[in-house]
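Working through the structure, step by step
The chain contents come next:
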Amino acid sequence: MPPAPGDREARRDDVSRAVWQVLADKGFGGLTLRAVAAGMGVSTGMLMHYFPAKRALIAHALDLLEKRTAERPRRERPAGGLATVRAMLLDILPLAPDDTARNRIWVSSWDLALADDGLAADQADRYTRMRSTLRPHFEAARGLGELPPAADPEQLAATAVAFTHGLVVQALFDPGRFPEDVQTAMLDDFLASIALPEAPDASKP
């Protein structure tokens, strides 16, 4: 017998907590109806009232992951320009245990997304949104004279996301080689490579 509407709403948080725990422990490779049901202490049949197929469970898990990512604590955003870009990209990197766990879950989802056209389109949309949040700050940096006048904010946003996620993957697989200070230094070097060099201070000897 399916749960009543009130029971369904009451169970929503329980389901999400159980899904998140499975993701944290096993990644998307271990996300099964049986594992989530065990985490909730219910039968697989009961859980199927919420997720009649594994794909529905995966879609919920991705939505939950995106929500957790959006709600994570973030660094203070400076007024604008490359300083804000730096803060936003630091928020992506696995610099602390929670950041590492969240990134491990994201990376574990890619295999599933590549095998499903709908999930792949959703992931492409996430990257589009990520680039769109960075682009205005590159535009601001260009206006502030931090970037060359011919700099393309759209292309810089795409390059920044590609660089940062490439660094994420390397740090996840080889954390000893890419600790927090190394990741931060590499990001700073990347931003310096696209910025205009600072003009020398004529007041200094």
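I will try to describe carefully the structure that is included in this document. Nothing here was measured: the structure is a model prediction, and the numbers come from that model.

Some remarks on the overall build of the protein
The number of helices and strands found in the protein is nine helices and zero strands. Counting from the amino terminus, the protein carries its helices and strands in the arrangement α-α-α-α-α-α-α-α-α. Dimensions along the principal axes, computed over C-alpha positions, put the protein at roughly 80 × 35 × 30 Å. By residue count, 39% of the 205 residues in the protein fall in the buried class. Taking the contacts inside the protein whose residues are at least 6 apart along the sequence as the reference set, 64% of them involve residues at least 24 apart. One way to put it: in the protein the 24 positive side-chain charges average out to a point 5 Å from where the 28 negative ones average out.

A closer look at the environment of A96
Here A96 shows up in the loop between α5 (82-90) and α6 (97-114). Remark: the alpha-carbon pair of A96 and E180, spanning 84 residues in sequence, is separated by 7.9 Å.

Re the nonpolar core
Ranked by internal contacts, the top residues of the largest apolar core, which has 28 residues, are L89, L134, F138 and L147. Elements supplying a minimum of two residues to this core: α5, α7 (117-143), α8 (153-173) and α9 (180-194). Here the element with the most residues in this core is α8; it accounts for eight residues. If we ignore the near neighbours within four places in the chain, the residues touching F138 are L82, V85, L147, P153, L156, A157, A160 and I194.

Points about the side chain of T164
Tracing the chain through its elements places T164 in helix α8. Residue classification places T164 among the buried positions, given a relative accessible area of 1%.

So, the packing of α5 against α7
At their nearest, the axes of α5 and α7 sit 8 Å apart, and the two run at 155° to each other. On the basis of their axis angle, the class for α5 and α7 is roughly antiparallel. Residues L82, T84, V85, M88 and L89 of α5 lie in contact with α7, whose contacting residues are T133, L134, H137, F138 and A141. Partitioned by chemical class, the residues of the contact of α5 with α7 number seven nonpolar, three polar and no charged.

What counts and what doesn't
- Residues numbered from 1 in each chain as written.
- Predicted model: local features only at pLDDT ≥ 70, side-chain atom pairs only at ≥ 80, totals over all residues.
- Heavy atoms only, no water.
- Helix = DSSP H or I, 4+ residues; strand = E, 2+ residues; numbered from the N terminus.
- Buried < 20%, exposed > 50% of the residue type's maximum accessible area, 1.4 Å probe, protein only.
- Contact = heavy atoms within 4.5 Å.
- Lys, Arg positive; Asp, Glu negative; His and termini not counted.
- Charge placed at Lys NZ, Arg CZ, Asp CG, Glu CD.
- Core = buried A, V, L, I, M, F, W, Y, C linked by side-chain atoms within 4.5 Å.
- Axes fitted to C-alpha atoms, helices over the stretch in contact; angles between N-to-C directions.
- Parallel < 35°, antiparallel > 145°, perpendicular 65-115°, else oblique.
- Nonpolar A, V, L, I, M, F, W, Y, C, P; charged D, E, K, R; others polar.

The values are spatial; any link to function lies outside them.
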